[in-house]
Amino acid sequence: MTITKSNNQSITKKFVRYVSQNVLGMIGMSLYILADTFFISESVGANGITALNIVLPIYSFIFAIGAMIGVGSAIRFSINKNKGSKSKTNYFFNALFWGTTIGLVFSLIGLFFPGQVVSIMGGDSTIVEVGRGYTMIFMSFTPFFIWNHIFNAFVLNDGSPSIAMSATLFSSLFNIVFDYVLMFPLNMGMEGAALATALSPIVGVMICFIHIFSKKNTTSLKPQKPSFKKLIYSCQVGVSSFVGQFSSGVITIVFNFLILGLTGNTGVAAYGIVANVSLVGISVFNGVSQGSQPLFSEHYGKGDKDGIKTLRLLSIITSLLFSAIMILLIFVFTDFIVGVFNSENNLLLEKYAVVGLRLYSIGFIFAGLNVIGSGIFSATNFPKWAFATSIARGFVLIILSAVVMSILFGMTGVWLAFAVAELLTLIITSVGLTKITKF
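Residues numbered from 1 in each chain as written. Predicted model: local features only at pLDDT ≥ 70, side-chain atom pairs only at ≥ 80, totals over all residues. Heavy atoms only, no water.

Student: Please give an account of helix 3 (residues 91–112) that cites residues and values.
Tutor: Taking 1.5 Å per residue as the helical rise, helix 3 with its 22 residues ought to reach 32 Å, and the 32 Å between its terminal C-alpha atoms agrees with that figure. Taken together, the buried positions of helix 3 are occupied by Tyr91, Phe92, Phe93, Asn94, Ala95, Leu96, Trp98, Gly99, Gly103, Phe106, Ser107 and Gly110. (Helix = DSSP H or I, 4+ residues; strand = E, 2+ residues; numbered from the N terminus. Expected span 1.5 Å × (residues − 1). Buried < 20%, exposed > 50% of the residue type's maximum accessible area, 1.4 Å probe, protein only.)

Student: Report on the nonpolar core, specifying residues and quantitative values.
Tutor: In terms of nonpolar packing, the biggest core is built from 131 residues, with Tyr134, Phe255 and Tyr271 touching the most fellow members. The dominant element in this core, judged by the number of residues it contributes, is helix 2 (residues 46–83), at 18 residues. Beyond its immediate stretch of four places on either side in the chain, tyrosine 271 contacts Asn53, Ile251, Thr252, Phe255, Asn256, Ile259, Tyr360 and Trp415. (Core = buried A, V, L, I, M, F, W, Y, C linked by side-chain atoms within 4.5 Å. Contact = heavy atoms within 4.5 Å.)

Student: I'd like to hear about the side chain of threonine 429, residue by residue, with values.
Tutor: Relative to the helices and strands, threonine 429 resides in helix 15 (residues 383–433). Using a relative accessible area of 1% as the deciding quantity, one classes threonine 429 as buried.

Student: If you had to explain the environment of isoleucine 428 to someone new, which residues and values would you point to?
Tutor: Summarising the element assignment, isoleucine 428 is placed in helix 15. Taking C-alpha positions, isoleucine 428 is 38 Å from isoleucine 202, a pair spaced 226 residues apart along the chain. Other than its neighbours up to four places away in sequence, isoleucine 428 contacts Trp385, Ala388, Thr389 and Ala392.

Student: How would you summarise the packing of aromatic side chains if you had to cite specific residues and measurements?
Tutor: Tallied over the full model, the rule gives 29 aromatic pairs. An aromatic cluster of at least three residues, connected via ring pairs, comprises Phe77, Phe92, Trp147, Phe151, Phe154, Phe209 and Phe213. Across from the ring centre of tyrosine 233, 3.6 Å away, lies the NZ or CZ of arginine 76, which sits over that ring. Its guanidinium or amino end placed over the ring of tyrosine 91, lysine 230 lies 5.1 Å from that ring's centre, counting from NZ or CZ. (Phe/Tyr/Trp six-rings, centres within 6.5 Å; stacked < 30°, edge-to-face > 60°. Lys NZ or Arg CZ within 6 Å of the ring centre and 35° of its normal.)

Student: Report on the pattern of salt bridges, specifying residues and quantitative values.
Tutor: What the rule picks out here adds up to four salt bridges. A salt bridge links lysine 302 to glutamate 298; the shortest N-O distance between them is 3.0 Å. Here lysine 302 pairs with glutamate 298, and both are found in helix 10 (residues 265–302), just four residues apart, close to one helical turn. Here glutamate 422 ties to arginine 393 by a salt bridge, and the two come within 2.7 Å at their closest N and O atoms. Overall, glutamate 422 belongs to the buried group, its relative accessible area being 1%. Residue classification places arginine 393 among the buried residues on the basis of a relative accessible area of 6%. (Salt bridge = Lys/Arg side-chain N within 4 Å of Asp/Glu carboxyl O.)

Student: Provide a residue-level description of unusual backbone geometry, including the pertinent values.
Tutor: One non-glycine residue, asparagine 187, lies in positive phi territory at about 55°. Within the secondary structure layout, asparagine 187 lies in the loop between helix 7 (161–183) and helix 8 (189–212).

Student: Mind laying out a nonpolar patch on the surface, listing which residues take part and the relevant values?
Tutor: A surface patch of nonpolar side chains, amounting to about 650 Å² of accessible area, comprises Val105, Leu108, Ile109, Leu111, Phe112, Phe113 and Met136. A total of five residues in the nonpolar patch trace back to one element, the largest contributor, which is helix 3. Relative to the assigned elements, methionine 136 resides in helix 5 (residues 125–140). The class for methionine 136 is partly exposed, based on a relative accessible area of 32%. (Patch = residues over 30% accessible without salt bridge, like charges linked within 9 Å, V, L, I, M, F, W, Y side chains within 5 Å. Areas by Shrake-Rupley, 256 points an atom, 1.4 Å probe, with all protein chains shown as cover.)

Written out as structure tokens, the structure is:
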């Protein structure tokens, strides 16, 4: 297929529409984590931030499962839809069934073993006491978090990016408003923050129903026999979304334990600030990746190699632009950002967090390209490359880098480990991106 100027302009226009709305939605979703951190710092102090950071990997794991099932199933739906296959309608209900089943397991763990969860994640007796109620509440609502990912992914892939964005933004706005209401006027503390977060995905799902009940909808909620084989088939292309979400949790676990050994709870609280700010940065790249995913799947389904090349170039340019903007903002406003979350004016906390934010943010240059590259591999049915890049950056290289760098350079090494791991992963990503048009 020969690319034309008009076709190129059409792809660019659609790319801007899908990506801009999805980036806004993902930023909105990450902002409620920042709101949690801010309100908890005001209400509970450094121990509250430490408790939140200790259980943050559980959030990441739940979101990762939802993303893997939701995005993976939606990719299969989109590819089959553009190929004209009737089997496209089978993926939505199947994703909801298995997402609910897995979610209920987490709910039971949260209801009966919340203290043990906080303890296993590295919390001492003080942090367990602070975080027990928070953990019990948010884990009890796990099915709704997974549903939110599934509904959002299908609505986006079914041609309604505006509704998908609205669902994410309004659920995040609900969370931020009720964070304040429940924690301060109603004086519910950590439990109030957890309840606001737990209820927010229900808002997102309700907004997604606007598309599900519209004439534009081509998905189906009709009950069908659940297929584990179809779940695995979907998860093969959804694995990069899983690792993309869960990698932040793995990084947090590894860094928490390393920092506890180097500086104690104050260092972990400082990393809590760094980790939460970095989540906003990564959410931008996830927004570009997930926003462009339906377009890559569409052109892959049609066999349009030139269209994929155009989308690849647009994605890389967008990633580098966002990286530069975010690093600049962090370096200019570091003191202000740290101050927002340091209500106790802890000088040691401030010292760790200021240095940490600046060194950690350097990794955004490489992380953006890796997140987007991994998403492209999944969207164009290259699951092996998606798996390789995701595992490298989310598990293998980040763990090795963190351990080795912390031994060699202490806390400075911990902060730089993220950039080192992402740079090494970029070698794999670069090789894979040269192969995606050879199908």
